[in-house]
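An overview of the molecular structure
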Amino acid sequence: MASAAIFSSQRRRRSPSPEAFLAPVDLEEVTLIVTLAAVAAELAASFSGRTAPFQRKNSRSLVRKVEVFVVLLEYLRDSSSIAKSISSLSPTAILCLKELYMLLYRSKMLLDYCFNSSKLWLLLQHQMMSGHFHDLNQEISTLFDVFPLNELDLSDDIREQIELLQKQSRRSNFLIDKQDEALRMKLFSFLDKFEKGRIPDPVELYSFFVEKLGIRGSKSFRVETEFLEEQIVNHEGDVEPTVSVLDGLVALTRYSRFLLFGLEEDDVELRSGKQKKPKKGLVAREIADTFLTIPKDFCCPISLDLMRDPVIISTGQTYESSSISRWIEEGHYTCPKTGQMLVHTQLVPNLALRNLIMQWCTAHGIRYDPPENAVSSAETFAGASASKAAVEANKATAALLIQQLASASQGAKAIAALEIRLLAKTGRENRAYIAEAGAIPHLNALLLSSNVVAQENSVTAMLNLSIYDKNKSRIMDEEGCLGCIVQVLRFGQTTEARENAAATLFSLSAVHNYKKQIADEEGAVEALAGLLSEGTPRGKKDAVTALFNLSTHTDNCTRMIESGAVTALVGALGVEGVAEEAAGALALIVRQPIGAGAVEDEEMAVAGLIGMMRCGTPRGKENAVAALLELCRSGGVAATEKVLKAPALAGLLQTLLFTGTKRARRKAASLARVFQRCENASLHFGGMGVDYGFARNAAANRDTSFAGDMPVQMSISVPVL
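Reading the values: rules and limits
The residue count restarts for each chain, going from 1 along the sequence in the order it is written. Thresholds applied to this predicted model are a pLDDT of at least 70 for local features of residues and 80 or more for the giving and counting of side-chain atom pairs; totals over whole chains, interfaces and linings are not thresholded and use all residues. Computation of side-chain values covers all heavy atoms of the structure but excludes hydrogens and water. UniProt positions are given in the numbering used here, feature names are shortened, and annotations may be inferred rather than shown by experiment. What counts as a salt bridge is simple: a side-chain nitrogen of Lys or Arg found within 4 Å of a carboxyl oxygen of Asp or Glu. Labels follow the DSSP assignment, with helices taken as runs of H or I lasting at least four residues and strands as runs of E lasting at least two, numbered in each case from the N terminus. Residue contacts are defined here by distance: any two heavy atoms, one from each residue, within 4.5 Å place the two residues in contact. Here, nonpolar core refers to any group of buried Ala, Val, Leu, Ile, Met, Phe, Trp, Tyr and Cys residues whose side-chain atoms link them within 4.5 Å. Burial classes: relative accessible area under 20% of the type maximum marks a residue as buried, over 50% as exposed, and values in between as partly exposed (1.4 Å probe, protein chains only). Pairing between strands is defined by DSSP: at least two bridges between them are needed. Axes here refer to lines fitted to C-alpha atoms; in helices the fit is confined to the stretch in contact. Angles between the N-to-C directions go from 0 to 180 degrees. Aromatic contacts are taken between Phe, Tyr and Trp rings whose centres are within 6.5 Å, Trp giving its six-membered ring; a plane angle under 30 degrees counts as stacked, one over 60 as edge-to-face, and the others as tilted. For patch building, the residue pool is restricted to those with more than 30% relative accessible area and no salt bridge; the joining distance is 9 Å between like charges and 5 Å between nonpolar side chains (Val, Leu, Ile, Met, Phe, Trp, Tyr). Surface accessibility follows the Shrake-Rupley procedure with a 1.4 Å probe radius. Residue values consider only the protein chains on display as shielding. Within this scheme the basic residues Lys and Arg register as positive and the acidic residues Asp and Glu register as negative, but His and the chain ends are omitted. One atom stands in for each charge, and that atom is NZ of Lys, CZ of Arg, CG of Asp or CD of Glu. Here the angle decides the label: under 35 degrees means roughly parallel, over 145 means roughly antiparallel, 65 to 115 means roughly perpendicular, and every other value means oblique. A clockwise turn of the near helix away from the far one marks a right-handed crossing, whereas an anticlockwise turn of less than a right angle marks a left-handed crossing.

As recorded by an unreviewed UniProt entry, the protein chain carries the name RING-type E3 ubiquitin transferase and is attributed to Actinidia rufa. One UniProt comment on the protein chain, placed under Catalytic activity (unreviewed entry), says "S-ubiquitinyl-[E2 ubiquitin-conjugating enzyme]-L-cysteine + [acceptor protein]-L-lysine = [E2 ubiquitin-conjugating enzyme]-L-cysteine + N(6)-ubiquitinyl-[acceptor protein]-L-lysine." Here is the UniProt Pathway (unreviewed entry) comment for the protein chain, exactly as written: "Protein modification; protein ubiquitination."

The following block contains the structure:
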């Protein structure tokens, strides 16, 4: 479908290159006439007798002009008496014929746009589209003003039609259909009602959408919604309507769809096995494996969500203000990302990053919710924030969907869960009021449903809702909800359902107080370990991030061992994509003697960590050497001896001391000092203890802060699905 940008409302100051519109620049004069006649005839046949939903008068007028072109061009093509005169046309006449080709092409694009675009979009673009038709009329008039018709031996009838067309084009005015304009204003009146906190009358909505616009049925509404969502994704900042207006219209259309047609049509599709994955539109633009990914630097390393109020701590790292404040309030005095001790706890607003985030949100049509006390140019990017109309319409939609969850048929409940899942993808506000309206208990009731679609969409909706911090407590406080999520993880009917259950546990385990509760839930850690060992690449990622979070709670060490999680983490050391997180989790587990003993008993543990030091990423090497260091400290002589005997460890440590990250160098120096204190270090390393003497200069201070360090830098996003 052509973009409206093709039809610039500004008059062309010069003709574009012929190739831009596929003009036949290399054809002989006679062949050019034949081509033009064919193009004009095809255009007239495609649109004659058809009525556009909008721009009816303008489109009919343009089609009539094209029909006159057909008469002229077919006469020139078929008349042998003027074939000779055509071959001797002047350069001006040839140029006019090529210009006519471009006008025909642009007419086709404009008519295609009017007949095939979204009805709501055409209504929004009503005035601009009228301008495009007016421009074409003016250019047709200009073309015939300069066309040397006297060079052609035309019949009187043909000449009269051309002269009449020329007069009509000269007299044509900028035409805005009053009926279309009234409909456009009516559409905005619905938004105005939502803006004022009032819900439009259902009778008026039915009259407008169904009777006047002809949008009949749930499928037609969905097509309209998806088209508008696509316009938001491709929106340019200086183009009307603004993103906030489009957001409001999407919300209004979605609400009207469910109010007027409910879920009956989709329910039929479900029962017949024709239910399809939702098309990726606006609802798929936020994060993770959707077509639009949030830049990693815009996400808080703690909450993994888009930052609203980024602040800088003493180590120079940036976090979401609320997340790092909570971290410090819980008694942590280290940087979550680097493990460095905090010199002070002052938080400095990162205004430059905040403005970049707002600009990015504006460009991609994503709602941005600046903090109430933000001192920034938020007003400049007001279009990125959700309009009140969109918020109120989405609230009304959520209420309708939750009613369906509470009392509809099983098929309708499954579709309601799908729609809530999609609605919960876009923005903190949506996640907040969906949960406040009571969706979580009803979604919980669907988690163990025998309906495959219901289970998959309910657990994914729960995942999307859990990203909002306040919803985590709502989910955990809901009786039986955690157990049902674990049941989906263990026995889910689809791979996606099991993976999303694991991702939900990862999201919930971001709260320290819930880590022990999750680990104690029967089968939770065992299922995560199984998914890490045998799941898909995405499943392994979900599982290892959840296990990492659970490992940060010291009381979970025994459960990690008994459940087989240690074995699974060791096995993951050689798996691309999860090795870094697996090594980080092991570094946490081996801090305790019982954990160190379990890792020591794993035959491939030390070899796997050594392998990461040799071939891993910089962060992977850092995690691996941290794990080996803690294994030596907590595992006693036997564990130290086992690490000491690892082949090529000395060379790898030396390499890290020179080429590793700052933290990796510190850990490597600490591990070298551990070896120096071993009685047989010189024997095993052939004098390497002396070579490590420079380690004292590389790390002048004793590395005693390890117990407070986070052993891995996590850059994992909770997938919004």
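This part takes up the pattern of salt bridges. In this structure the tally under the stated criterion is 22 salt bridges. The partner of Asp 542 in a salt bridge is Arg 538, and the shortest N-O contact between them spans 3.4 Å. Residue Asp 542 and its partner Arg 538 are located together in helix α25 (residues 537-551), separated by four residues, close to a single helical turn. Each of Lys 186, Lys 193 and Glu 204 takes part in a single network of salt bridges with overlapping partners.

This paragraph deals with the side chain of Ser 458. As for its position among the elements, Ser 458 is in helix α19 (residues 452-466). If sequence neighbours within four positions are ignored, Ser 458 has contacts with Ala 417, Leu 443, Leu 446 and Leu 447.

The next point concerns the nonpolar core. With 190 residues, the main nonpolar core has Leu 569 and Met 613 as its most contacted residues. Here this core gets 13 residues from one element, more than from any other, and that element is helix α4 (residues 91-116). Non-local contacts of Leu 569, meaning those with residues more than four positions away in its chain, are made with Leu 532, Val 544, Leu 547, Met 560, Ala 582, Ala 585, Leu 586 and Ile 589. In this structure, Leu 306, Met 307, Tyr 319 and Trp 327 belong to the second largest nonpolar core, which totals 18 residues.

The three strands are arranged β2-β1-β3 in an open sheet whose pairing can be described as antiparallel. Taken across any chain shown, the strands that pair with only one partner, and hence form the sheet edges, are β2 (318-320) and β3 (348-349). Direction of pairing for strand β1 (residues 310-312) relative to β3: antiparallel, over a ladder of two bridges. Bridge pairing in β3 links Val 311 to Pro 349. Seen against the sheet, helix α13 (residues 321-329) touches β1 and β2 and runs at an angle of roughly 95 degrees to β2.

The next subject is the environment of Ala 44. Looking at the element boundaries, Ala 44 is found in helix α1 (residues 29-47). Expressed as a C-alpha distance, the spacing of Ala 44 and Val 66, which sit 22 residues apart in the sequence, is 6.2 Å.

Next up on the list: the packing of aromatic side chains. Throughout the structure, instances matching the rule amount to nine aromatic pairs. Ring geometry for Trp 121 versus Phe 227: centroids 6.4 Å apart, planes at 55 degrees, classification tilted. Residue Trp 121 is found in helix α5 (residues 119-124), and its partner Phe 227 is found in helix α10 (residues 218-233); the two are separated by 106 residues along the sequence. Per residue, the accessibility class of Trp 121 equals that of Phe 227, and both read buried. Judged by centre distance (5.4 Å) and plane angle (75 degrees), the rings of Phe 190 and Phe 208 are edge-to-face. Residue Phe 190 is located in helix α8 (residues 178-195), and its partner Phe 208 is located in helix α9 (residues 202-212); the two are separated by 18 residues in the primary sequence. Exposure remark for Phe 190: the relative accessible area of 0% places this residue in the buried category. An aromatic cluster is built from Phe 190, Phe 208, Phe 209, Phe 221 and Phe 261, whose rings are joined through pairwise contacts.

The next thing to look at is the environment of Leu 205. For Leu 205, the position within the fold is in helix α9. Residue Leu 205 is classed as buried on the basis of its relative accessible area of 0%. Along the backbone, Leu 205 and Arg 257 are 52 residues apart, and their C-alpha atoms lie at a distance of 9.8 Å.

Among the surface-exposed residues, Asp 156, Asp 157, Glu 160 and Glu 163 lie close enough to one another that they form a single negatively charged patch. The topology assignment puts Glu 163 in helix α7 (residues 156-171). For Glu 163, a relative accessible area of 39% translates into the label partly exposed.

Once that is clear, we can look at the packing of helix α2 (residues 56-78) against helix α6 (residues 126-146). Two elements in contact, α2 and α6, have axes whose closest approach is 10 Å; the angle formed by their N-to-C orientations is 25 degrees. Relative to α6, the element α2 is oriented roughly parallel. Here α2 and α6 pass one another in a crossing that is left-handed. Mapping the contact onto sequence places Asn 58, Ser 59, Leu 62, Lys 65 and Phe 69 in α2 and Ser 130, Phe 133, Leu 136, Asn 137, Ile 140 and Phe 144 in α6.

So, on to a positive patch on the surface. On the surface, Lys 57, Arg 60, Arg 64 and Lys 178 cluster together into a patch of positive charge. Counting residues per element, the positive patch draws most heavily on α2, at three residues. Here Lys 57 is to be found in helix α2. Owing to a relative accessible area of 47%, Lys 57 belongs among the partly exposed residues under this scheme.

Orientation of α19 relative to helix α22 (residues 495-508), taken along the N-to-C sense of each, is 20 degrees, at an axis distance of 9 Å. With respect to their mutual orientation, α19 and α22 come out roughly parallel. In the packing of α19 onto α22, the handedness of the crossing is left-handed. Contacts from Gln 455, Glu 456, Val 459, Thr 460, Met 462, Leu 463 and Ser 466 of α19 reach α22 at Glu 496, Ala 497, Asn 500, Ala 501, Ala 503, Thr 504, Ser 507 and Leu 508.

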